[in-house]
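The residues making up each chain are set out below.
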Amino acid sequence: MATERPDEEKPETRDVRVQDLIHGGGGGASPVQSPTRLGPGWFSEVAGDKIRNTGSDFIGSILSWINGDPNRSLKNPVKRAKRKRIRTAKTAACVIALVGFFIFVNWFMLSQLHEGRAWLRRGFSKKPNLKPKLNPDPNPSMKRVSVKVSANVQHGEKKKMGKPKKKYNGTYGRLLAYAAHALAEGQNKLEPKELWREPKDQAWKPCADQRSWKPSDGKNGYIMVTANGGINQQRVAVCNIVVVARMLNATLVVPKFMFSDVWTDASQFGDIYQVEHFIKYLSPDIRIVKKLPKELQSLDLEAIGSVVTDIDVMKEAKPGFYMKHILPLLLKNRVVHFFGFGNRLAFDPIPFELQRLRCRCNFHALNFVPKIQETGAILVRRLRDSGSHLAPVDPYLVGPKFASFILDKKAGPLHKASKYLAVHLRFEIDMVAHSLCYFGGGDAEKAELDAYREKHFPTLANLTKTQKMPSPDDLRMEGLCPLSPEEAVLMLAGLGFNRKTRVFVAGANIYGGNKRLAALTSLYPNLVTKENVLSETELEPFKNFSSQLAVLDFIACAASDAFAMTDSGSQLSSLVSGYRIYYGAGKMPTIRPNKRRFSDILLKNNTIEWKVFEQRVRKTVRQTKHVLVRPTGRSVYRYPRCKECMCNED
C-alpha cells in the first residue's frame, strides 16, 4: 500500500478548493496562512481571499491556479523552492496575459473614440460640451441628421460610408459665436505687435523716376486707346499703353475710358487724373497730345482696319507681337485705335527701361484731380481722428497742398492719431457672379447670379451651359472665391484685432447689403465706410460716379495703418498693396491671406476649436508677410520691389 506524501495534495481535495474558488468559498472555511510565507505567493493568496469575498470568480480561479493549495505542507526545501519557482513563472505569465488583455481593451476603446471623432468631422454629430452658450446651432437640418444617424447606430444598423467631400453651407454661426466671445474677453488686451508692423525692408527705395534715355519724337504715328473695366483696370491699361507708345515710337493721344454697364460711370481720364501733369511728367519719355491732328480726325478707322480690339491682342502679349503686327499697321495708316484695351502687355520679358517707364507712369505720372485729393484728405484725417504726423504715402496720394489738411494744427507733439485698419471687401455682385462660387443664399442666390451673368457676362454664362465647370466647392478649396463678409471678420478676429479697432471697409454696394455686413458690424462696432465718414454735401460731387468714389476708397486704403485684402485678384487691392510698398518706407503692413489655406481652415467650422483656429490663421498670414522681390512674370504694380521700380541699397 502506497504511503501518502505530505507535500502532495489529494485530487479530491484540489477539486474541492477549485469549486470553493469558483463558487466564492461557500463550501468550506478559508485556510489559515503561515506568517512565514511572504512574498508574491502570500500577496496572491490574500488577494484571492478578497476576490472570493467580492465574487470575482475568474481572477480568483487564476490565483488558485498559480498558488495551488495553501494547506499543503512543503517540508522538503528543494521541492519548496521548485514550487516557488513554478508559482513565480505562473504569476509572470498571468501578469503578461493581463497586461495584454488591458492593452487590447484600451486599443478597442481608442478605436471607438477615433470613429466617433470621424463622425464629428463629417458633420453628422456635434462634439459635446462646446460651451453651449457660445455655440448656437448654425444649421438646424444638421441636427436632424445627427439624431437620425445616432438612432441608426443604437439599433445596430451598419452602413458602408465612403469619406464624404467637405462642403461649404454658407454659415459660420459656431465660429462667429466663438469670435464674439474671444473679442469680448480680450477687448482690453494688447493686440499682437506684428498686426501693425511690416517686415523691415528699409533697403528698398523708390527710383522709377530716374531716366537714362532721350525723349521719343513719336514720328511713327498716333496711338489712341479706350480702356475698359473699372478705374483700377483702366489705370493699368493707361500705363501699359504708355509703354507700347514708347516701344513703337508713337505719339499717344490722352486716353479715354469706355463706359461700362457694370460700373455705369461716364467719367473720363480728365475727371480723375490731372491731364497737364500726365503730359508734362512723361514728356521726357513719350510725346502726348490731347487729340488727333485735324487731317486724321476724319478717318474711318474701322474701315481702314486701324481698330484693334482686345480680341485681336492676346492677353499679356510680348513686345515682339506689337513690333510684328501693330507697327506695320501704324506705319501704314498713321493711327491705331486700341479699343477695350486692358492687360494686353506681358510683364516679362521686357526691356529694363520700358519696365521702369511702366512703374514711372503708375507711381509718378497719375495724380488725382484736386477735388478728389481734397476730399480724400478729409476722409483720411477723420479716419485717423486727427493727428500730428503724415504717413509716408500722404503727399503722393493727395498732393503736398492737401496733405496739410490731414494734420491737426491744434494737436500737440504728444497727440497720438488713432490707428485704423482698411479692409477691401471685394464682394460686389459682379465679383460674386463672375467667381461662380456659392455664398449660402440658396436657390434665390443662384437664380439671381445666373440672371446677372446672362446680362453682364454672356460668354461666361454660355460656358456654364455648354461645358463642365468646376463646382463651387472645388473653386473654394482652390482659393478662387472672394472672402465673404463673414469670412473676412473671422480672419480679423483670428489675427487678434481688438474689438475697439476702427475698421474702414472699402467697396460699394456689398452683395447682400447691410444684412450681409451684420457679422462685421456686430463684432467690430467701430466699422465705417466713406458714406459714414463724409457728409452728403461732401459726397455730392461724386454721386453717380462709381469710379471717382472708388478712388476715395483707394486713398483711404493706401493711407491706412494696416490694410487687409480679401481677394488677391482684385486690381484695387493689388494697386494699393504696391503703392504702400513703393512709398511706405517699410512701415505700412498689408495682410494678404492665402485663400486656399484659409478655406481649408474654414471648412472645419463645425469642429475646430477657437484657439486652434487662431493659431492656424495667424500662421497662414504670417507666411505671406515677408519682403518679397517681384517674381518673374508678376505685376510690377503689385510687386514693385524689383530693380526696374525700386533701388536696393544693400
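As the structure is a prediction and not an experimental result, all values here were calculated from the model.

Asks: Explanation requested: the confidence of the model for the protein chain in the structure shown.
Replies: Residues shown with low pLDDT carry predicted positions that ought not to be read at fine detail. Mean pLDDT over the protein chain works out to 81, with 74% of the residues at or above the 70 mark. Long-range and interchain partners of residues 1–56, a stretch whose pLDDT sits below 50, account for 54 contacts in this model, where long-range means more than four residues apart. Throughout residues 114–165 the model reports pLDDT below 50, and contacts reaching past four residues in sequence, or to other chains, amount to 45 contacts.

Asks: Is there a simple way to think about the state of the cysteines in this case?
Replies: Disulfides are covalent bonds that link the sulfur atoms of two cysteine residues. Taken as a whole and judged by the stated rule, the model has 3 disulfides. The disulfide that involves Cys207 links it to Cys647, with 2.1 Å between the sulfurs. Between Cys207 and Cys647, the disulfide has an S-S torsion of 105° and is therefore right-handed. Taken together, the positions of Cys207 in the loop between strand 1 (204–206) and strand 2 (222–227) and Cys647 in strand 13 (residues 646–648) put the pair 440 residues apart, joining distant regions of the chain. The exposure class assigned to Cys647 is partly exposed, which follows from its relative accessible area of 26%.

Asks: Sorry if this is basic, but what is going on with the pattern of salt bridges here?
Replies: Any two side chains of opposite charge can pair, given that their charged atoms come close. Applying the stated criterion to the full structure yields 21 salt bridges. Put simply, Arg476 and Glu487 hold a salt bridge, and the shortest N to O gap is 2.9 Å. Within this pair, whereas Arg476 is found in helix 18 (residues 472–477), its partner Glu487 is found in helix 19 (residues 485–495), the two being separated by 11 residues in sequence. A salt bridge links Lys604 to Asp600; the shortest N-O distance between them is 3.3 Å. For Lys604, a relative accessible area of 23% corresponds to the partly exposed category.

Asks: Teacher, can you tell me more about the packing of aromatic side chains here?
Replies: Aromatic ring pairs: the centre-centre distance and the angle between the two ring planes describe each pair. Enumeration according to the criterion identifies 21 aromatic pairs in this entry. Ring geometry for Phe427 and Phe439: centres 4.9 Å apart, planes at 90°, overall edge-to-face. With Phe427 in the loop between strand 8 (420–424) and helix 15 (429–435) and Phe439 in the loop between helix 15 and helix 16 (442–456), this residue pair connects regions lying 12 residues apart in the sequence. Among the aromatic residues, those joined into a cluster by ring pairs are Phe257, Phe269, Tyr273, Phe278, Phe363, Phe368, Tyr396, Phe554, Tyr579, Tyr582 and Tyr583.

Asks: Sorry, what's going on with the environment of Ala550 here?
Replies: Mapped onto the secondary structure, Ala550 falls in helix 23 (residues 546–558). Sequence-wise, Ala550 and Gly230 are 320 residues apart; in three dimensions their C-alpha atoms are separated by 8.8 Å. Beyond its immediate stretch of four places on either side in the chain, Ala550 contacts Ile231 and Leu572.

Parameters and conventions
- Residues numbered from 1 in each chain as written.
- Predicted model: local features only at pLDDT ≥ 70, side-chain atom pairs only at ≥ 80, totals over all residues.
- Heavy atoms only, no water.
- pLDDT = per-residue confidence, 0-100.
- Contact = heavy atoms within 4.5 Å.
- Disulfide = S-S within 2.5 Å.
- Helix = DSSP H or I, 4+ residues; strand = E, 2+ residues; numbered from the N terminus.
- Buried < 20%, exposed > 50% of the residue type's maximum accessible area, 1.4 Å probe, protein only.
- Salt bridge = Lys/Arg side-chain N within 4 Å of Asp/Glu carboxyl O.
- Phe/Tyr/Trp six-rings, centres within 6.5 Å; stacked < 30°, edge-to-face > 60°.

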